[in-house]
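Survey of secondary and tertiary structure
Chain by chain, the residues:
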Amino acid sequence: MALQAAGRQSLVDTVVDALRSQLTAGEWQVGARIPTEHALAEQLQVGRNTVREAVRVLVHAGMLRSRQGEGTFVVSTADPGDVMRGVQRAGIRDVLELRIALEAEAARLAALRHLPADLERMRAALDAQAELADPEGHPDADSLELYADHDIAFHKAVVEAAHNTALTATYGWFSSSVRESLVNYLGDRAMPKIVHGDHVAVLDAIAAGDPEAAQQAIREVLEKPKQALENLLAGD
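Residues numbered from 1 in each chain as written. Predicted model: local features only at pLDDT ≥ 70, side-chain atom pairs only at ≥ 80, totals over all residues. Heavy atoms only, no water.

**Let's talk about the overall build of the protein chain**
Each helix and strand counted, the protein chain has 10 helices and two strands in total. Along its sequence from the N terminus, the protein chain presents helices and strands in the succession α-α-α-β-β-α-α-α-α-α-α-α. The proportion of buried residues among the 236 residues of the protein chain is 40%. The contacts in the protein chain between residues at least 6 apart in sequence include a share of 70% that link residues at least 24 apart. Total accessible area computed for the protein chain in this model is approximately 12400 Å², and 50% of it derives from carbon and sulfur atoms. (Helix = DSSP H or I, 4+ residues; strand = E, 2+ residues; numbered from the N terminus. Buried < 20%, exposed > 50% of the residue type's maximum accessible area, 1.4 Å probe, protein only. Contact = heavy atoms within 4.5 Å. Areas by Shrake-Rupley, 256 points an atom, 1.4 Å probe, with all protein chains shown as cover.)

**Observations concerning empty space enclosed by the protein**
Summed over the entire model, instances satisfying the criterion amount to two cavities of 30 Å³ or more. Approximately 230 Å³ is the volume attributed to the largest cavity. L182, Y185, I194, V221 and P225 are the residues nearest the centre of the largest cavity, which is lined by 20 residues in total. Among the elements of the structure, helix 5 (92–113), helix 7 (144–160), helix 8 (165–186), helix 9 (196–207) and helix 10 (211–234) are those that each provide at least two residues to the lining of the largest cavity. Here the lining of the largest cavity is composed, by residue class, of 12 nonpolar, three polar and five charged. As a volume, the second largest cavity reaches approximately 60 Å³. (1 Å grid on protein atoms, 1.4 Å probe; cavity = no way out; pocket = protein on both sides within 12 Å on 5 of 7 lines; lining within 4 Å. Points joined across faces, edges and corners; volume = space filled by probe spheres on them. Nonpolar A, V, L, I, M, F, W, Y, C, P; charged D, E, K, R; others polar.)

**Regarding helix 3 (residues 48–60)**
Relative to the 18 Å expected for 13 residues at 1.5 Å per residue, helix 3 spans 18 Å between its end C-alpha atoms, a close match to the ideal helical length. Within the span of helix 3, buried status applies to T50, V51, A54, V55 and L58. Within helix 3, the buried residues cover an arc of 130 degrees as seen down the axis, which keeps them to one side. Exposed side of helix 3, more than 90 degrees from the buried face: R56 and H60 are the residues found there. (Expected span 1.5 Å × (residues − 1). Arc of directions from axis to C-beta.)

**Quick look at the packing of aromatic side chains**
If you walk through the whole model with that rule in mind, you get zero aromatic pairs. Of note, R67 hangs over the ring of F73, and the distance from its end group to the ring centre comes to 4.2 Å. (Phe/Tyr/Trp six-rings, centres within 6.5 Å; stacked < 30°, edge-to-face > 60°. Lys NZ or Arg CZ within 6 Å of the ring centre and 35° of its normal.)

**Some points on the packing of helix 6 (residues 116–130) against helix 7**
It is at 8 Å that the axes of helix 6 and helix 7 come closest, and there the two elements cross at 165 degrees. Comparing their axes, helix 7 and helix 6 come out roughly antiparallel. Every pair of crossing elements has a handedness; the one defined by helix 6 and helix 7 is left-handed. Of helix 7, the residues touching helix 6 (which contributes R121, M122, A125, L126, A128 and Q129) are Y147, H150, D151, A153, F154, A157, V158 and E160. (Axes fitted to C-alpha atoms, helices over the stretch in contact; angles between N-to-C directions. Parallel < 35°, antiparallel > 145°, perpendicular 65-115°, else oblique. Left-handed = near helix turned anticlockwise from the far one by under 90°.)

**Here's the deal with the layout of surface pockets**
Taken as a whole, the largest pocket encloses approximately 170 Å³ of empty space. Lining the largest pocket, in full, are R33, I34, P35, T36, E37, L40, R52, V55, R56, S66, G71 and T72. Going through the elements one at a time, helix 2 (37–44), helix 3 and strand 2 (71–74) are the ones with two or more residues in the lining of the largest pocket. Among the elements that line the lining of the largest pocket, the one with the most residues is helix 3, at three residues. Taken together, the residues of the lining of the largest pocket break down into four nonpolar, four polar and four charged.

**Looking at the environment of A41**
For A41, the location among the structural elements is in helix 2. The buried category is assigned to A41, whose relative accessible area is 7%. Once residues lying within four places of it in the same chain are set aside, the contact partners of A41 are V46, G47, R48 and V51.

**Examining the confidence of the model for the protein chain**
Chain-level pLDDT for the protein chain is 85 on average; 89% of the residues reach the 70-or-more range. Here residues 4–9 scores under 50 on pLDDT; set against residues more than four positions off or in separate chains, the count is seven contacts. (pLDDT = per-residue confidence, 0-100.)

**With respect to the pattern of salt bridges**
In the structure shown here, the tally under the stated rule is nine salt bridges. Several salt bridges converge on common partners, so that one network encompasses E37, R48 and R52. (Salt bridge = Lys/Arg side-chain N within 4 Å of Asp/Glu carboxyl O.)

**Concerning the side chain of R99**
Note that R99 resides in helix 5. On the basis of relative accessibility, which here comes to 6%, the residue R99 falls in the buried class. In contact with R99, not counting residues within four places along its chain, are A104, D151, H155, Y171, F174, V178 and L222.

Structure follows, in structure tokens:
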């Protein structure tokens, strides 16, 4: 089939879309080797350089993997972009549940693997966040986004302290959704405030090298808003 596009980059994007569609449709199974550049170029009626660039995009996306001298193989038939778009459409409860799953393991690993610089980043984020809170622990309306940024910075520092590249990348993918949900959460006075001491407990457990305590502490931080949200939904 011949592919038509306005320019070189647009044509690469078109080939990416065509190959992605074949992958998600199951034309090639996980572990299978895809056709050669020459074969794909003939099939799509484009140049081999265009196919090569498109394959690189899908390798970077985690759907394909190239092996020197062997060819290119299917790693995943699921489009990570679809996954992330699904996360972005998720509600606050869904995001909280995902955060609990990821951050509980991250905190456990952070207690075992953290470096002094990791603890410094956590402390800096908490100190900056505390300066924006009123005596009751709530940020003022003009500081919601900055307050959320400091909170996200703390949680990202916890995840990064696990020193697990895949975990850090996964958390980074949906951190924008976490921030959006957090800003909405902070603007709702019906939801419980973020408790500074609860976050300090996470930091202290990680600093002490206690994986069980760190895991439990981060769960307590995130379970409070989750339970409050469950109560609100149950009252609807």
